[in-house]
Amino acid sequence: MRERAVRAIALCRRIAELSEEPGRTTRRYLTVPTRDVHDLLRARMETLGMSVHVDAVGNLRGLWQPAHSIGKRLLIGSHIDTVPNAGAFDGVLGVTLALEWVAIAQQLNLPLDLEVIAFSEEEGVRFNVPYIGSRAVAGRFDPALLELKDKEGITVEAAIRDFGLDPARIYEAVLDDSTIGYIEPHIEQGPVLEAEGLQVAAVTVIVGQTRMSITFTGHANHAGTTPMNLRHDALTGASEFVIAVEDLARRSDGLLATVGKIENEPNVGNVVPGCSRVSLDVRHAFDTDRRAAVADLLAKAEAIASRRGLSVTSRQLSDQPAAPMDERLTAFLAEAIEAAGFPIKRMTSGAGHDAMVLAVRVPTAMLFVRSPGGISHHPSESVLVEDIEASLLVAQKFLQRLAAEVR
């Protein structure tokens, strides 16, 4: 397994070099580097004897069907888009590991069909809506998504066409009826496994997530002639809201709430800000708690705006329910972890993943691998060879267990 682990890591690092920005890993949905990643992964898939195609939403898909196939398909993979200035392993590792899962299945002469998928979009960076790739595969692609525009005014539909694909055929991306499950290997992106001295874990649930845009509008005016008591400063209102978000999350068990983006207008040093727009990301394993927190924060935004003579509007970008993983597949993963000689660890995922979208369509499970330093979405993101090797030992045990169960 050592050789397989080294190969999976090396392929991640090669893919990290395929970027929109020199010296930084940034790869948004269907930008030029996506095609380069497809070429690299396609070559590896074809070496494994897989049939390969790109579906109409831009997902790269490779299928291995053994001669003695029993007609049952397991989907394995993750995403290949990134946040700006990303690390080498978020998402991409799930794809390179999936290819090693295929090699293991071939070596074991297992009768399962294996489909490896490299989702084209998960992060929501280019069009401010995540999971475009997995929505299509799960049969949950809303045609209204085609009208979304990026900062350059390019629509999703135009991006798909520019990539040489036909958006009218997106419905064909839906997973095959023979699919019995989806497995997503992924770095933890947090510090829990390292803190507990563990290498791998089975995910039990992915937290629900609400993403919103909150806009505070006041009145831009001269910074030197407008008295403090007569100002309608949108940025100070937004700033107070940011602190309120942090305060609520700190006081609420299990709640994660973040403001990660601020847009300020006119954004000039000697002008009182007239408009400030902030992002809001709220997550919780229990949907009722998450939605209650969102309602509380919107009420706080209204109160802040009223007190400061501002107006406030909100726009919901996504509302993703918590996604429990399939109990049977998760049990198989836990058994595989134990059979591979590691302590069983079950844990919640605080990050969103394509698995939460697939889970409503097909039995789904996730295998976490330790993130050194708990670091992700950062260039210093890393993995340890021994942890990747451990995950592949678990994969072997899991595939053997699953094949025996579905024969």
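A brief report on the enclosed structure follows.

### Description of the environment of Ala 105
Summarising the element assignment, Ala 105 is placed in helix H3 (residues 92–108). Classification of Ala 105 by relative accessible area gives buried; the value is 4%. For the pair formed by Ala 105 and Glu 115, sequence separation is 10 residues and the distance between their alpha carbons is 12 Å.

### Some details on the environment of His 79
As for its placement among the helices and strands, His 79 is situated in strand E3 (residues 73–79). The class for His 79 is buried, based on a relative accessible area of 0%. In this structure, the C-alpha to C-alpha distance between His 79 and Leu 18, residues 61 residues apart in sequence, is 14 Å. Look past the residues within four positions of His 79 in its chain and what remains in contact with it is Asp 90, Gly 91, Val 92, Val 95, Phe 119, Glu 122, Glu 123, His 186 and Asp 354.

### Brief notes about the packing of aromatic side chains
Aromatic ring pairs are described here by two measures, namely the spacing of the ring centres and the angle between the planes. Throughout the structure, instances matching the rule amount to 4 aromatic pairs. An angle of 80° between the planes, with centres 6.1 Å apart, marks the rings of Phe 119 and Tyr 182 as edge-to-face. Of this pair, Phe 119 sits in strand E4 (residues 113–119) while Tyr 182 is found in strand E5 (residues 179–187), placing the two residues 63 residues apart along the sequence. Given a relative accessible area of 0%, Tyr 182 falls into the buried group. Positioned above the aromatic ring of Phe 163 is the side chain of Arg 35, whose terminal nitrogen or guanidinium carbon lies 4.1 Å from the ring centre.

### Concerning the pattern of salt bridges
Under the definition given, this model contains 30 salt bridges. Across the pair Arg 28 and Glu 152 runs a salt bridge, and its minimum N-O distance is 3.9 Å. Of this pair, Arg 28 sits in the loop between helix H1 (2–16) and helix H2 (32–47) while Glu 152 is found in the loop between helix H4 (132–137) and helix H5 (156–162), placing the two residues 124 residues apart along the sequence. On the accessibility criterion, Arg 28 (22% relative accessible area) is partly exposed. For Glu 152, a relative accessible area of 55% corresponds to the exposed category. Taken together, the shared-partner salt bridges in this structure form one network comprising Asp 55, Arg 61, Arg 73, Glu 115 and Asp 176.

### Describing the side chain of Asp 354
Checked against the element boundaries, Asp 354 lands in helix H10 (residues 354–358). The side chain of Asp 354 is buried and forms no salt bridge, while Arg 135, the nearest opposite charge, is found at 8.3 Å. Other than its neighbours up to four places away in sequence, Asp 354 contacts Ser 78, His 79, Phe 119, Glu 121, Glu 122, Tyr 131, Ser 134, Tyr 182 and Glu 184.

### Here's the deal with the nonpolar core
In this structure, Leu 41, Ile 388, Val 394 and Phe 398 are the most contacted members of the largest nonpolar core, which totals 62 residues. A per-element tally of this core places H3 first, with 11 residues. Residues within four places of Leu 41 in sequence aside, it is in contact with Leu 11, Ile 15, Leu 60, Ile 80, Val 95, Leu 99 and Ala 118. Counting residues in hydrophobic clusters, the runner-up holds 23 residues, among them Tyr 131, Ala 138, Tyr 182 and Met 356.

### Concerning the packing of H2 against H3
The interhelical angle for the contact between H2 and H3, taken along N-to-C directions, is 10°, at an axis separation of 10 Å. The orientation of H2 with respect to H3, classified from their angle, is roughly parallel. When H2 is examined against H3, the residues Leu 41, Arg 44 and Met 45 are found in contact with a partner set consisting of Val 95, Leu 99 and Glu 100.

### Let's talk about empty space enclosed by the protein
One pass over the full model with this rule turns up 1 cavity of 30 Å³ or more. Residue lining of the largest cavity: 15 residues in total, with Thr 82, Ala 86, Gly 87, Ala 88 and Asp 90 positioned closest to the centre. Looking at which element gives the most residues to the lining of the largest cavity, the answer is H1, with 3 residues. Looking at the lining of the largest cavity residue by residue, the class counts come to 8 nonpolar, 4 polar and 3 charged.

### Section: unusual backbone geometry
In this structure, Pro 266 follows Glu 265 across a cis peptide bond, with omega equal to 5°. Tracing the chain through its elements places Pro 266 in the loop between strand E10 (262–265) and strand E11 (271–272). Look at Asn 128: it is not a glycine, yet its phi comes out positive at around 65°. Overall, the relative accessible area of 37% leaves Asn 128 in the partly exposed class. A positive phi is found at Gln 189, a non-glycine position, where the angle reads about 65°. On the accessibility criterion, Gln 189 (19% relative accessible area) is buried.

Calculation rules
- Residues numbered from 1 in each chain as written.
- Predicted model: local features only at pLDDT ≥ 70, side-chain atom pairs only at ≥ 80, totals over all residues.
- Heavy atoms only, no water.
- Helix = DSSP H or I, 4+ residues; strand = E, 2+ residues; numbered from the N terminus.
- Buried < 20%, exposed > 50% of the residue type's maximum accessible area, 1.4 Å probe, protein only.
- Contact = heavy atoms within 4.5 Å.
- Phe/Tyr/Trp six-rings, centres within 6.5 Å; stacked < 30°, edge-to-face > 60°.
- Lys NZ or Arg CZ within 6 Å of the ring centre and 35° of its normal.
- Salt bridge = Lys/Arg side-chain N within 4 Å of Asp/Glu carboxyl O.
- Lys, Arg positive; Asp, Glu negative; His and termini not counted.
- Core = buried A, V, L, I, M, F, W, Y, C linked by side-chain atoms within 4.5 Å.
- Axes fitted to C-alpha atoms, helices over the stretch in contact; angles between N-to-C directions.
- Parallel < 35°, antiparallel > 145°, perpendicular 65-115°, else oblique.
- 1 Å grid on protein atoms, 1.4 Å probe; cavity = no way out; pocket = protein on both sides within 12 Å on 5 of 7 lines; lining within 4 Å.
- Points joined across faces, edges and corners; volume = space filled by probe spheres on them.
- Nonpolar A, V, L, I, M, F, W, Y, C, P; charged D, E, K, R; others polar.

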